[in-house]
Amino acid sequence: MTADITARDLQEAGAVLAAESARFADFGWMRGTSGNLSVVLSRDPLRLAVTASGHDKGELTPADVVLVDGAGAAVQGGKPSAEAELHARVAALTGAGAVVHVHTVASVAMGHRHPGGIVFRDLEMLKGVGQPAHDVEVTLPVIANSQDMGELGDRLEAARNPRMPAVVVAGHGLYVWGETPRQARHHTEVVEWLLELELTAK
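Residues numbered from 1 in each chain as written. Predicted model: local features only at pLDDT ≥ 70, side-chain atom pairs only at ≥ 80, totals over all residues. Heavy atoms only, no water.

**Student:** Just to check I follow, could you spell out the overall build of the protein chain for this structure?
**Tutor:** Counting secondary structure elements, the protein chain contains five helices and 10 strands. For the protein chain, whose C-alpha radius of gyration is 16 Å, the value lies close to the compact-globule estimate of 17 Å for 202 residues. Taking the principal axes of its C-alpha atoms as reference, the protein chain extends roughly 45 × 30 × 30 Å. By residue count, 50% of the 202 residues in the protein chain fall in the buried class. Long-range pairs, those at least 24 residues apart, make up 60% of the contacts in the protein chain with a sequence separation of at least 6. Just so you have it, the protein chain exposes about 8900 Å², and 49% of that area is on carbon and sulfur atoms. Considering the protein chain, the positive charge centre built from 17 side chains and the negative charge centre built from 25 side chains are found 3 Å apart. (Helix = DSSP H or I, 4+ residues; strand = E, 2+ residues; numbered from the N terminus. Rg over C-alpha atoms; globule rule 2.2 N^0.38 Å. Buried < 20%, exposed > 50% of the residue type's maximum accessible area, 1.4 Å probe, protein only. Contact = heavy atoms within 4.5 Å. Areas by Shrake-Rupley, 256 points an atom, 1.4 Å probe, with all protein chains shown as cover. Lys, Arg positive; Asp, Glu negative; His and termini not counted. Charge placed at Lys NZ, Arg CZ, Asp CG, Glu CD.)

**Student:** Got a minute to help me understand the sheet that holds strand β4 (residues 74-76) in this structure?
**Tutor:** Sheet strands line up and pair through hydrogen bonds in the backbone, either parallel or antiparallel. The mixed open sheet is built from eight strands, whose spatial order is β4-β3-β2-β1-β5-β10-β9-β8. Pairing within the sheet leaves two strands with one partner each, and these edge strands are β4 and β8 (142-143). Pairing geometry for strand β9 (residues 166-169) and strand β10 (residues 173-178), over four bridges, is antiparallel. Each bridged residue has a counterpart across the sheet, and for alanine 166 the counterpart in β10 is valine 176. Along the sheet face, helix α1 (residues 7-26) touches β1 (36-43), β2 (46-51), β3 (65-68), β4 and β5 (98-102) and points at about 150° away from the line of β1. Against the sheet, helix α5 (residues 181-201) makes contact with β1, β5, β9 and β10, and its axis sits at roughly 140° relative to β10, the strand it touches most. (Pairing = 2+ DSSP bridges. Axes fitted to C-alpha atoms, helices over the stretch in contact; angles between N-to-C directions.)

**Student:** Can you walk me through the packing of helix α2 (residues 84-94) against helix α4 (residues 149-159) in this structure?
**Tutor:** Helix-helix packing: each pair is described by the crossing angle between the helix axes and the interaxial distance. As a packed pair, α2 and α4 sit with axes 9 Å apart at the nearest point and diverge in direction by 30°. Our classification of the angle between α2 and α4 gives roughly parallel. α2 and α4 meet at a crossing whose hand is right-handed. Of the residues in α4, those touching α2 at Glu85, Leu86, Arg89, Val90 and Leu93 are Met149, Gly150, Leu152, Gly153, Asp154, Leu156 and Glu157. Per-class residue counts for the contact of α2 with α4 are six nonpolar, two polar and four charged. (Parallel < 35°, antiparallel > 145°, perpendicular 65-115°, else oblique. Left-handed = near helix turned anticlockwise from the far one by under 90°. Nonpolar A, V, L, I, M, F, W, Y, C, P; charged D, E, K, R; others polar.)

**Student:** Looking at this structure, I do not really get α1. What am I missing?
**Tutor:** The α-helix advances 3.6 residues per turn, and as a result positions three or four apart in sequence lie on the same side. Along its 20 residues, α1 runs 28 Å from first to last C-alpha, staying within 8% of the 28 Å computed at 1.5 Å per residue. Every buried residue belonging to α1 is among Leu10, Ala13, Gly14, Leu17, Ala18, Glu20, Ser21 and Phe24, and all of these are buried. Tucked inside the fold, the buried residues of α1 contact β1, β2, β3, β4, β5 and α5. Immediately downstream of α1, the backbone of glycine 28 shows phi near 85°, a positive value. (Expected span 1.5 Å × (residues − 1).)

**Student:** Please clarify how the packing of aromatic side chains should be interpreted in this entry.
**Tutor:** For any two aromatic rings, the description comes down to two numbers: the centre-to-centre distance and the angle of the planes. Following the criterion strictly, the structure yields two aromatic pairs and no others. With centroids separated by 5.9 Å and ring planes inclined at 20°, the aromatic side chains of phenylalanine 24 and tryptophan 29 adopt a geometry described as stacked. Judged on exposure class, the residue phenylalanine 24 and its partner tryptophan 29 are both buried. Judged by centre distance (4.8 Å) and plane angle (55°), the ring pair of phenylalanine 27 and tryptophan 29 falls under tilted. Members of the aromatic cluster, each reached through a chain of ring pairs, are Phe24, Phe27 and Trp29. (Phe/Tyr/Trp six-rings, centres within 6.5 Å; stacked < 30°, edge-to-face > 60°.)

**Student:** Where do I start with the nonpolar core in this structure?
**Tutor:** Side chains of a nonpolar character, in soluble globular proteins, are inclined to be buried together. Counting residues in each nonpolar core, the largest one holds 37 residues, and the members touching the most others are Phe120, Leu140 and Leu195. It is α5 that provides the largest number of residues to this core, a total of five residues. Once residues within four sequence positions are removed from consideration, phenylalanine 120 is found in contact with Leu126, Val136, Glu137, Val138, Leu140, Met164, Leu194, Leu195 and Glu198. Core analysis: the second largest hydrophobic core is formed by 12 residues, Val90, Ile143, Met149 and Val167 among them. (Core = buried A, V, L, I, M, F, W, Y, C linked by side-chain atoms within 4.5 Å.)

**Student:** What exactly am I supposed to notice about the environment of valine 138 here?
**Tutor:** By secondary structure assignment, the location of valine 138 is in strand β7 (residues 137-140). The spacing of valine 138 and leucine 126 is 12 residues in sequence and 8.4 Å in space, taken between C-alpha atoms. Those residues in contact with valine 138 that sit more than four places away from it in its chain are Ile118, Val119, Phe120, Leu126, Gln131, Asn161, Arg163 and Met164.

Here is the structure:
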């Protein structure tokens, strides 16, 4: 990908993010204006389309998106999510093409219960994040929250488990990523299922 991003490119990315946001909002995972999504439009230099700040995530339009750089600063459009910098950090660190941030009850509750990480084992749904279903133990990292996105990014980088495309931010929510918006969505749904199972089982 190149940095020659057109208005049409941004509009198309906005349409994808609006559709994904509506889906997550329907699940109750992006209540009010909470949560944010992004998709990578260029790698060199890094450019992402990020959902705009302050919008109801169930009512986004293709125009409610901002183009940001590798530091999360707006390049084109309005005001990006305050967490755009972390989206850019995740994309650069993992090579992901899309990042999802949702505020789910299960992720917050389980993050409080297991601040050292949440362990999953012997579950068919682990196949949804690329792991074997049996005879394997996979840990979903949990990191402390911070309003400083640089500090939060450092914590995510230090804790990240390459076998799990997600991190729980304690008291905040869930960050998940994938090669495409569709894969990031699938990963999010799978990880949330795993969290809900552990929450209800215990």
